[in-house]
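Close look at the chain arrangement
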Amino acid sequence: MNKIKTLFDIPTAVEAIDPQEPRITLNEITLLSKMQAVTRYNLGASSIRKVAEDCGALVRIGKRVAYHRQTLDDFFESIIG
């Protein structure tokens with residue numbers, strides 16, 4: 001049975017990474033985790049949360065907090081001009 005691979009799968013020492021298998025990039029993810037947003041925008045966690053609250057990109061699903069990537073991209077693009 002084939003296992004569904006996610007962005008967070010880390011191969012063990014026995015497994016080899018298939019170089020022809022496509023990798024998921026942050027441009028393809030709709031809802032970013034805190035660490036993904038921090039990495040993508042090169043800002044601190046509290047700054048990302050503050051910006052996301054201001055522009056409406058903060059998404060709460062139960063206890064989980066996620067950040068809508070396209071909304072954040074549009075917000076930063078509007079600042080840059």
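Summarised in this report is the structure supplied together with it. (Residues numbered from 1 in each chain as written. Predicted model: local features only at pLDDT ≥ 70, side-chain atom pairs only at ≥ 80, totals over all residues. Heavy atoms only, no water.)

**Side note on the nonpolar core**
Membership of the largest hydrophobic core comes to 13 residues, with the highest contact counts inside it found for Leu32, Ala37, Tyr41, Ile48, Ala52, Tyr67 and Leu72. Broken down by secondary-structure element, the contributors of at least two residues to this core are α1 (34-41), α2 (45-55) and α3 (69-80). For isoleucine 48, the residues in contact, after removing those within four places along its chain, are Ala37, Val38, Tyr41, Leu43 and Tyr67. (Core = buried A, V, L, I, M, F, W, Y, C linked by side-chain atoms within 4.5 Å. Buried < 20%, exposed > 50% of the residue type's maximum accessible area, 1.4 Å probe, protein only. Helix = DSSP H or I, 4+ residues; strand = E, 2+ residues; numbered from the N terminus. Contact = heavy atoms within 4.5 Å.)

**Here we look at the packing of aromatic side chains**
For the coordinates displayed, the defined rule picks out 2 aromatic pairs. A ring pair is formed by tyrosine 41 and phenylalanine 76, whose centres lie 5.0 Å apart and whose planes are at 35°; its orientation type is tilted. With a gap of 35 residues between them, tyrosine 41 in helix α1 and phenylalanine 76 in helix α3 connect regions that are remote in the sequence. Accessibility expressed as a relative area gives 15% for tyrosine 41, which makes it buried. (Phe/Tyr/Trp six-rings, centres within 6.5 Å; stacked < 30°, edge-to-face > 60°.)

**Considerations on the sheet that holds strand β1 (residues 31-32)**
Strand order across the open sheet formed by 3 strands is β1-β3-β2, with antiparallel pairing between neighbours. Each edge of the open sheet carries a strand with a single partner, namely β1 and β2 (58-61). Relative to strand β3 (residues 64-68), β2 runs antiparallel, the two sharing 4 bridges. Paired with valine 59 across the bridge in β3 is alanine 66. Across the sheet, α2 lies against β2 and β3, angled at about 95° from β2, the strand it touches most. Most of the contacts of α3 go to β3, to which it runs at about 45°, and overall it touches β1 and β3. (Pairing = 2+ DSSP bridges. Axes fitted to C-alpha atoms, helices over the stretch in contact; angles between N-to-C directions.)

Honestly, that's just the spatial picture; any functional story needs more than this.
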